[in-house]
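# Close look at the chain arrangement
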Amino acid sequence: MMITPSVLLLLSIFSAAVLPFFKNTSVSKWVAFVLSSLILVGALILCHFSYYGILPMLDSLSIIMVMITAISIPLVILSTFQFPPDSSRYFYSLIFLLEAALLSVFTTRHALIFYVSWEASIIPALLMLFGWQKPRLNTVILKFFLYTFAGGMCLLFSLLVLYYYPAGAHSFDIFELIATPLPHHLQIILFLPLFLAFAIKLPIFPFHTWQPETYSSASTPTGMLLVALLSKLGLYGILRILLPVLPFGSEVWHKGVLVLAIGGLLYSASIALIQTNFRKVLAYSSVSHCCLMVIGVFSQSFQGIQGGIVLMIAHTVNTLGLFYMAGIIERRTGTLELDKLGGIKQRFPLLATAFFVLLLGSIAFPLTNGFVGEFLILWGVFSTHPILGMITGIGFILGAWYMLNLFQRTMLGATTTSEEHTLSLIPLPFSSLLVIVTLCGSVVLFGIYPKPLLAISAPIAKALSAGVSK
Amino acid sequence: VYSLLIFLPLLASIIIWGFNKRLAIPVAGWLGSLSISGSFLMGLFAFFKLHNTGAFTVTLGNWITTNGFSFSFSFLFDSLSVLMVLMVTGIGALIHFYAIGYMKDDERFNSFFAYLTFFVFFMLVLVLSDNYLGMMIGWEGVGLCSYLLIGFWYENHEYNQAAKKAFLMNRIGDVGFILGIITMLLTFGSVGFSSVFAKASLLTPGLPAVTLICIFLLIGAIGKSAQFPLYTWLPDAMAGPTPVSALIHAATMVTAGIYMISRSHVLYSLSPFSLHVILVIGIITSAIAGFVALFQSDIKKILAYSTVSQLGMMVIALGLGAYHVALFHMLTHAFFKALLFLNAGTIIHALNGEQNAFKMGGLKKLLPFTWWTTLIGTLAITGCPPFSGAISKEALLTIAAEHNMTVFWILVFLSVLTAFYMFRFLGLIFLGSSRHGNHLHFPSFVMQWPVFILAVLSVFGGFLNTPHLFFGSEWFFHYLSSVFPIYFSSIHSAHELLFDWVLLLGSPVVLLVIWLVTYRLYAVKRPIEGFQVPAVLDRIYSVIILKPYFMFSGFLATIIDHVCIDGAIDMVVMSVNGSGKILRKAQTGKVGLYLLVMVLILIGLIFYVTGRL
C-alpha cells in the first residue's frame, strides 16, 4: 500500500466528514479514537519509510512534526472519553479538520499551500473555542483570531515577496526558495514580518498576550490541542522557512532575538510565579518554554538548535499532560483558583505522582525529557554568548520555583476542597489512566533514552547550523 | 556486575513504591535496609577487587549523543568512589534499620522507605559516575529526594516551604554546576574525569577558563554542601523526619560538594584563586554557623548548624589543598554526626516530639544508653583524643599550621566554638533538673543497635588513619594516594613531634575548661531560654531579594503585561474599529453620490494615465 502524506490528509478529512453522522456519543468517541489511531499507524509507516530512505517523502523535520501531531490527537481524544464534550461528534470532527490542516502544513513543500493550511488551522481552533468554551468570552477569542490572523498576513506578505523578488523563474517551492540566495538588505528587512508571524504563533514575549486568556478560557481538550500542537507551528515555521531562507537576516538579527527571548523567558517566568490560576501558571510557563526553544534555535550552534527541537517534543508531551491535569482537577474540585485548592495528594496520590513526574519533565530534571533539550540549549547559547547563557540559567531556577509553587498549592497541604465535590472522588477510568501513563512514561523514557530524538534532530541541526555559520 | 550495587536500592525503591499499600509496614523497611546492606557488601567486594586490580570502569550505555560528543552512563570504581560508596551504603543501611523503629507508627511508612532508598540510589550515581554529566544526575537526584523527604509530612505548610526552599537553593547551585560542565565541554571537549584531568594536567596554572570552571563548580558545591551564602536551607531542612536529617542532611548528601571538589582536585590545583575563594567561604560559613549554634534551642537545629560548621571546616581543608584531610574529616564526621542525629531522634521520639532543649534536662538517668552514646559522639565532634574526630581534626590543624598560621588559629577558635555549643547541647539535654513530662517512649532494640555501631565507629573510626605519633601508618591517606598526590614525609622533625604532642595534650585541657564553664551555665542552674539568633540571612534575602522581586513580578503582570502590551494591542484593534466607524458614514446608500465619486475617480485616473504617457 502506498502511504503518502496526501493519504493521511485525505483520511483526516474523511474522518472529519464521517464523524457528524454518529449521533451517539459513546459510538462517536470510539470512531474518532479508531480513526485517529489509524492515522497514527499510517503516519508511523510513512515516517518509517521516509526515515530509512525506502520512500523518502519527508525530511527529518517533517517526520518529527507529523509524529507529534499523529500521536497527540489520539491521546487528546482518549482524554475526553470520561467526559465527552457536548455534541461531541462535531467536536471530534473539528479535531480531524485541525489534524488535516496541521499535517498539510508539516508535509507540504509548496509555500502557498503552507500559508493556506496555516490559516486553515485557525478555523477549527476558532470554532472549538467558540463552541466549547465555558464562560463565553468572545472578546478573548476575537483577540486570538485577530492576533493570529495578523501574523498570517505577515506570513503571506513575506511569502509573496519571496515569490516575486527573484528575477527569472518564480517559484513557491520552499526548497527552491532556500536554494535561491537573496540579497542581504532584503533578508534583513524580510526577517521582521516573518519573525513576527512565527513569534505570534508560538507565542513569545511580547506577542503573547492573547495566549493566557485564550488558554484559560478554552475547554480542556481545546487547550491541550492549542498548546501542544498549534504553538508548534511557530517553531516549525522558524526551522522550515525563516532560518534556511534568510540565513543572513537571521545572523544579523539573532542577537536581538536572543535578548528578546531571554527577556521573555525571565519575564514570563516571573509572572507565572504570582499567578493565582492553575491554567494561567501553565500558560505563562508555556510562553517561557517557547522563549527557551527560540533561544536554542537562534543560538547559532548545533547544540542549541538540536536542543530547541528536542525541547519542542518534550514540551508537547509535558504540556499535554499538565493541561490534562488541570482539566481533571477542575472537573473534580470545581475550581482552578490556587487559593481554593490544596491537599489533593491526600485524596489522589496517583494524580499527585503523575503531576510530579510531568513537573520534573517541565523543570528539566535529569533523566526526564526536559533535561536533554534544556541542557543542549544552555550549552548552545553559552558556547556562542556566554553572558546570555548565564542569564538563561536564571530561567532554570525560576522555572523550578513556579512549578514547585504550583505543586505545593494544589497537591500538598491539608485538604481544602469542599464537601460538594466528594461525589467526584470516583477513581480515574482506564482511558484517563492510559493517557497519563503514556505521557508520564514518555517523560521518563525519553529522559533516559533520548537517542531516537537526538538522532532524528541531528540532521536538521547540522543543516541549519552549517547554513548559519557561513 | 558491580553496577548491580547501584541498582539494588533503585529496585527496592520501585518495589516498595509499586506495592505501596499492599506491603505490610515493617516489610518495606526491611526490604530497603537489606537492599542497601547488599550494596554495602558489594561495595566491600569492589574494595577488595580494587586492592588487587586497581581502578576499573563499568559502562552501561549511551545517554546523550550530539554532534560528535557522547555522554554515557558509566561508573568508575577507584579508591575515592569506593570510599564514598562504603560510607553512603554503610551509614545508609544503619539509618535505614533505625528508621524501621523510628517511623513504625507513621501511616506513610512505605512511602518513606521508597524515598529513602531512592535517595541512596541517586547518591551512588553521584559518587560513582565517571563523568560530570552523570554526576549531575545524582546531584539533582539527591536534591529531589531531599525535597520529598523534608516535605514528607506534606500537610504542614511550613515543612513544604522548607522543602521548596531547599530545592531552590540547591537549584541555584545546580545551575552553577551545569554551567561548569558546559564550560568544561567548551574548554576540554569532554566531561569524563580521565580525559578532562589528562588534558588539564598539561595546562599551566592560573588559566581563566579553568578558574571559571572551578568557580561554577564551586557554586554547585556551595548549594549542595550548605555553605555561605546558600546555607540557610539546611537548618530549615530539619523539618524532615530525623533519620532523614541524619542520612541526608548530615552524613551523605551535604558532603557531595566535598566529594566533588576533591574529585576535581586536578582543576582546583590549577586555580589558586578559586582555592582562596574556597578557603574564605569555608571560614565564613564555619564561623557564622558555629556562633548561631550557640544560640539555638531546637536540638535538631543545634546539630544542623553544627553540621554547617563542620562542613565549613572540611571546605577550609579543601581550600588548603588538603583534599585527603577534608575527606577524612568527612568520614569521621559522618560517623559521629549520624550518631548524634539518631540519638536526637531517639530523644524526640521518647519525649513525644519535643525538640526544645530547654524543655528537656536530666535525661541521663532515664535514657542511659542514649546518654553514653551521645557523650561519645560529643567527645568525638569536639576533638577529644583518642576519639575519631580528634584524629581528623588534628590532621586538619597540622596541615593548616604547615600552610598558614592564621588559618591554624582560626581553626583552633572554631574547634573551641564547637566544644562550647556541643557541651551546651549535652548539658541541656541530659544533665540538670528534669523539665519535661515523665511519660517517655523507650527506644526499641532496632533503634539501638545501629546507634551502638555508630558509637563504636565514632570511637575507633579515627584509627583508620593512625598518625605517626601512635606508631600508625596513616593507612587512610595512603589508601587515597592513588587518587591524590599526597606528600608523605618519612622523617618527622622534633619540631613537628612537639607540635603533635602539644595538640594531643593541650586539647583535653582546653576541653575540660570549656566543659566546666558550660556545666555551670547549663547543668547546675536551671537554664533560661534566653537570646535566640534569628535567621538573619533569611531576613536579608527576604527584604533585599524576595520582596522586591515579587513586587517587580506584580508590576510586570499588572502594569506591563496587562496595561502596556495588551493595552497597545487593544489600541490597535480599537483604532481599526474606529476607522471603520468613520468610513461607515461614507456608505450613505445614495446612488447619485456614488456615481459622482465614481466619475471623479475616473477623471482623475485618466489624467494620471495621460500624464504618465
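Just above, that's the structure.
Described below are features of the structure shown in this document. Being a predicted model, the structure only gives us computed values, none of them experimental.

Basis of the calculations
- Residues numbered from 1 in each chain as written.
- Chains lettered and ligands numbered in written order.
- Predicted model: local features only at pLDDT ≥ 70, side-chain atom pairs only at ≥ 80, totals over all residues.
- Heavy atoms only, no water.
- Helix = DSSP H or I, 4+ residues; strand = E, 2+ residues; numbered from the N terminus.
- Buried < 20%, exposed > 50% of the residue type's maximum accessible area, 1.4 Å probe, protein only.
- Contact = heavy atoms within 4.5 Å.
- Areas by Shrake-Rupley, 256 points an atom, 1.4 Å probe, with all protein chains shown as cover.
- Lys, Arg positive; Asp, Glu negative; His and termini not counted.
- Charge placed at Lys NZ, Arg CZ, Asp CG, Glu CD.
- Rg over C-alpha atoms; globule rule 2.2 N^0.38 Å.
- Buried area = accessible area lost by both parts, 1.4 Å probe.
- Salt bridge = Lys/Arg side-chain N within 4 Å of Asp/Glu carboxyl O.
- Nonpolar A, V, L, I, M, F, W, Y, C, P; charged D, E, K, R; others polar.
- Pairing = 2+ DSSP bridges.
- Axes fitted to C-alpha atoms, helices over the stretch in contact; angles between N-to-C directions.
- Parallel < 35°, antiparallel > 145°, perpendicular 65-115°, else oblique.
- Polar contact = N/O pair within 3.5 Å; in protein donor to acceptor, adjacent residues only side chain to side chain.
- Expected span 1.5 Å × (residues − 1).
- Phe/Tyr/Trp six-rings, centres within 6.5 Å; stacked < 30°, edge-to-face > 60°.
- Lys NZ or Arg CZ within 6 Å of the ring centre and 35° of its normal.

The number of helices and strands found in chain B is 24 helices and 2 strands. Counting only C-alpha atoms, chain B reaches 120 × 65 × 55 Å along its principal axes. Among the 613 residues that make up chain B, the fraction classed as buried is 59%. Considering only residue pairs separated by 6 or more positions, chain B has 80% of its internal contacts joining residues 24 or more positions apart. Carbon and sulfur atoms provide 72% of the accessible area of chain B, an area that totals close to 24,500 Å². Counting 30 positive and 22 negative side-chain charges, chain B places the averaged centre of each group 9 Å from the other.

The subject of this paragraph is the overall build of chain A. Along chain A, the regular secondary structure elements total 20 helices and 0 strands. In terms of overall dimensions, chain A is globule-like: its C-alpha atoms have a radius of gyration of 21 Å, near the 23 Å expected for 470 residues. Overall, the C-alpha framework of chain A stretches about 70 × 55 × 45 Å when taken along its three principal axes. Evaluated residue by residue, chain A yields a buried proportion of 66% over its 470 residues. Counted over contacts in chain A with a minimum sequence separation of 6, partners at least 24 positions apart contribute 82%.

Let's shift gears to the interface of chain A and chain B. Accessible area lost upon the coming together of the parts serves often as the stated size of an interface. In this complex, chain A contributes 55 residues to the contact, which on the side of chain B involves 53 residues. Summing both partners gives a buried area of about 4,900 Å² for chain A against chain B, and 73% of it is carried by carbon and sulfur. Ranking the residues of chain A by area buried against chain B places Phe-375, Trp-379 and Trp-401 of chain A at the top, with a combined share of 13%. If you look at where chain A meets chain B, you find 0 salt bridges. Here the side of chain A that touches chain B is built from residues that sort into 37 nonpolar, 15 polar and 3 charged.

A separate point is the pattern of salt bridges. A full pass over the atoms with the stated rule returns 7 salt bridges over all chains. In this structure, Arg-279 of chain A and Glu-330 of chain A form a salt bridge, with 3.2 Å as the shortest nitrogen-oxygen distance. Taken as a pair, Arg-279 of chain A in helix H13 (residues 278-297) and Glu-330 of chain A in helix H14 (residues 302-333) lie far apart in primary sequence, 51 residues in all. Take Arg-279 of chain A: its relative accessible area is 2%, and that puts it in the buried class. Overall, Glu-330 of chain A belongs to the partly exposed group, its relative accessible area being 24%. When the shortest N-O distance is used, the salt bridge between Arg-171 of chain B and Glu-140 of chain B registers 3.0 Å. Taken together, the residues span a long stretch of sequence, with Arg-171 of chain B in helix H6 (residues 157-188) and Glu-140 of chain B in helix H5 (residues 132-150) at a distance of 31 residues.

What follows concerns the pairing of strand S1 (residues 56-66) of chain B. Bridge count for S1 of chain B against strand S2 (residues 69-77) of chain B is 9 bridges, and the pairing is antiparallel. Residue Asn-62 of chain B lies in a different strand from S2 of chain B, and its bridge partner there is Ser-72 of chain B.

Following Leu-202 of chain A, the chain continues into Pro-203 of chain A via a peptide bond in cis, with omega recorded as -10°. Looking at the secondary structure, you find Pro-203 of chain A in the loop between helix H9 (184-201) and helix H10 (210-217). Here the bond from Phe-228 of chain B into Pro-229 of chain B is cis, since omega is 0°, no more than 30 degrees from zero. Structurally, Pro-229 of chain B can be placed in the loop between helix H8 (208-224) and helix H9 (233-236). Backbone geometry places Ser-87 of chain A, a non-glycine residue, at a positive phi of 35°. Take Ser-87 of chain A: it is sitting in the loop between helix H3 (60-79) and helix H4 (88-107). Classification of Ser-87 of chain A as partly exposed rests on a relative accessible area of 42%. Although it is not a glycine, Ala-226 of chain B adopts a positive phi angle of roughly 50°. By secondary structure assignment, the location of Ala-226 of chain B is in the loop between H8 and H9.

Before going further, it helps to examine the packing of helix H17 (residues 368-382) of chain B against helix H18 (residues 388-403) of chain B. All names here are of chain B. Remark: H17 packs on H18, axes separated minimally by 6 Å, with the N-to-C direction vectors making an angle of 10°. Judged on the interaxial angle alone, H18 and H17 are roughly parallel. Of the residues in H18, those touching H17 at Ala-380, Ile-381 and Thr-382 are Ser-388, Gly-389, Ala-390 and Lys-393. Per-class residue counts for the contact of H17 with H18 are 3 nonpolar, 3 polar and 1 charged.

Turning next to the side chain of Asp-106 of chain B. Residues and elements named next belong to chain B. Structurally, the position occupied by Asp-106 is in the loop between helix H3 (79-102) and helix H4 (109-128). From its side chain, Asp-106 meets the backbone nitrogen of Arg-108 in a polar contact 2.8 Å long. Beyond its immediate sequence surroundings of up to four residues, Asp-106 is in contact with Ile-25, Phe-152 and Trp-153.

Taking 1.5 Å of rise per residue, 20 residues should cover 28 Å, and H3 of chain A covers 29 Å from first to last C-alpha, within 8% of that figure. Most of H3 of chain A sits inside the fold, with 19 of its 20 residues counted as buried.

Under the definition given, this model contains 67 aromatic pairs over all chains. Here the aromatic rings of Phe-47 of chain B and Tyr-479 of chain B are separated by 5.6 Å at their centres, their planes lie at 40°, and the arrangement is tilted. With a gap of 432 residues between them, Phe-47 of chain B in helix H2 (residues 25-53) and Tyr-479 of chain B in helix H21 (residues 475-480) connect regions that are remote in the sequence. One aromatic cluster in this structure is built from Phe-371, Phe-375 and Trp-379 of chain A together with Trp-63, Phe-69, Phe-71 and Phe-73 of chain B. Positioned above the aromatic ring of Phe-83 of chain A, the side-chain terminus of Arg-331 of chain A is 4.1 Å from the ring centre. Sitting over the ring of Phe-56 of chain B, Lys-49 of chain B keeps its end group 4.8 Å from the ring centre.

All names here are of chain A. The element H10 is largely enclosed, with a buried count of 7 among its 8 residues. Along H10, the residues classified as buried are Trp-210, Gln-211, Pro-212, Thr-214, Tyr-215, Ser-216 and Ser-217. Buried residues along H10 sit against helix H6 (122-132), helix H7 (138-164), H9, helix H11 (220-245), H13 and H14.

Residue and element names in this part refer to chain B. Running from N to C, H3 and helix H15 (residues 323-350) cross one another at 5°; their axes reach a closest spacing of 11 Å. As far as their axial angle goes, H15 and H3 are roughly parallel. Residues Leu-80, Leu-83, Met-84, Met-87, Ile-91, Ile-95, Tyr-98, Gly-101 and Tyr-102 of H3 form the contact with H15, whose own contacting residues are Leu-327, Met-330, Leu-331, Ala-334, Phe-335, Ala-338, Leu-342, Gly-345, Thr-346, Ile-348 and His-349. A per-class count over the contact of H3 with H15 returns 16 nonpolar, 4 polar and no charged.

Shape is all these values report; function is a separate question.
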